[in-house]
Amino acid sequence: MAEKISNEQIAHDLAVAYIAKSWHNNEFREEYSVSVYLEKYEEFLNELNRFNY
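Not measured: the values here are computed from a predicted model.

**Student:** Whenever I open this one, helix α1 (residues 7-24) confuses me. Can you help?
**Tutor:** Each α-helix turn comprises 3.6 residues. Residues three or four places apart therefore point the same way. Taking 1.5 Å per residue as the helical rise, α1 with its 18 residues ought to reach 26 Å, and the 26 Å between its terminal C-alpha atoms agrees with that figure. The set of residues buried in α1 consists of Asn-7, Ala-11, Ala-15, Ile-19 and Ser-22. End-on view of α1: buried residues confined to an arc of 105°, all on one side of the axis. Away from its buried face, by an angle of more than 90 degrees, α1 presents the exposed residues Lys-21 and His-24. Contacts made by the buried residues of α1 are with α2 (33-51). Looking at the residues trailing α1, positive phi occurs at Asn-26, about 55°.

Encoded structure:
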């Protein structure tokens, strides 16, 4: 039986993908990566949790 992936893991994966794409497109400087990651993680997690209720 497959393990259920948590919303936190999905939000993390999406935020990392967002950062990687943004670096590729030169959308922001690397030193802003952590703050952008945290912002996107929270945004994705809120959206995922909203769909679970």
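**Student:** Explain the nonpolar core here, please?
**Tutor:** Grouped burial of nonpolar side chains is what soluble globular proteins tend to show. Grouped together as the largest cluster of nonpolar side chains are five residues: Ala-11, Ala-15, Tyr-41, Leu-45 and Leu-48. Every element with two or more residues in this core is listed here: α1 and α2. Of the residues forming this core, the biggest block, three residues, is contributed by α2. In contact with Ala-15, other than residues within four places in its own chain, are Tyr-37, Lys-40, Tyr-41 and Phe-44.

Cut-offs used in this document
- Residues numbered from 1 in each chain as written.
- Predicted model: local features only at pLDDT ≥ 70, side-chain atom pairs only at ≥ 80, totals over all residues.
- Heavy atoms only, no water.
- Helix = DSSP H or I, 4+ residues; strand = E, 2+ residues; numbered from the N terminus.
- Expected span 1.5 Å × (residues − 1).
- Buried < 20%, exposed > 50% of the residue type's maximum accessible area, 1.4 Å probe, protein only.
- Arc of directions from axis to C-beta.
- Contact = heavy atoms within 4.5 Å.
- Core = buried A, V, L, I, M, F, W, Y, C linked by side-chain atoms within 4.5 Å.

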